[in-house]
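# Coordinate inspection notes
One-letter residues, chain by chain:
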Amino acid sequence: MSQRLLERMLGRMGYSSIFKASNGLEALEVVKHSGEHFDVILLDLSMPQMDGIEFLTFLMVHGRPPSLVPPPLYALTLNIVVTQFE
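Model, not experiment: these values are computed from the prediction.

On to helix 2 (residues 24-33). Taken as a whole, helix 2 has its buried residues at Gly24, Ala27, Leu28 and Val31. Mapping the buried residues of helix 2 onto a view down its axis gives an arc of 100 degrees, with all of them on the same face. Against the buried residues of helix 2 lie helix 3 (52-62). With a side-chain oxygen positioned 3.0 Å from the backbone nitrogen of Leu25, the residue opening helix 2 is Asn23.

The tally for this structure, following the rule as stated, stands at one salt bridge. Among the salt bridges present, the one from Lys20 reaches Glu7, with a minimum N-O distance of 3.0 Å. With Lys20 in the loop between helix 1 (3-12) and helix 2 and Glu7 in helix 1, this residue pair connects regions lying 13 residues apart in the sequence.

Turning our attention to the packing of helix 2 against helix 3. In a packed pair of helices, the relevant descriptors are the angle between the two axes and the axis-to-axis distance. Where helix 2 contacts helix 3, the two axes come as close as 9 Å, and the packing angle between them is 40 degrees. With respect to their mutual orientation, helix 2 and helix 3 come out oblique. Of the two elements, helix 2 crosses helix 3, and the hand of that crossing is right-handed. Only Phe55, Phe58 and Leu59 of helix 3 make contact with helix 2, whose side of the interface consists of Gly24, Ala27, Leu28, Val31 and Lys32. The residue makeup of the contact of helix 2 with helix 3, split by class, is six nonpolar, one polar and one charged.

Rules and cut-offs
Residues numbered from 1 in each chain as written. Predicted model: local features only at pLDDT ≥ 70, side-chain atom pairs only at ≥ 80, totals over all residues. Heavy atoms only, no water. Buried < 20%, exposed > 50% of the residue type's maximum accessible area, 1.4 Å probe, protein only. Helix = DSSP H or I, 4+ residues; strand = E, 2+ residues; numbered from the N terminus. Arc of directions from axis to C-beta. Contact = heavy atoms within 4.5 Å. Polar contact = N/O pair within 3.5 Å; in protein donor to acceptor, adjacent residues only side chain to side chain. Salt bridge = Lys/Arg side-chain N within 4 Å of Asp/Glu carboxyl O. Axes fitted to C-alpha atoms, helices over the stretch in contact; angles between N-to-C directions. Parallel < 35°, antiparallel > 145°, perpendicular 65-115°, else oblique. Left-handed = near helix turned anticlockwise from the far one by under 90°. Nonpolar A, V, L, I, M, F, W, Y, C, P; charged D, E, K, R; others polar.

As structure tokens, then:
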């Protein structure tokens, strides 16, 4: 699922302020420095540099920023290999 499609879907659900990151390290910077409260976090399990699992592990080990009240977390990916369907 593309970021644009997800952004449109979230907009239709009433989310007006959407922060995007292209990888897990960038997502950590957004979470640390935005000062925003996040209602939901969507993570790609196949993000470059730091994937969604590594992102969550980092937050558990190092603690989350005070602005990050535990929101619902959803992990997804489009990394599909054709042989998975055979």
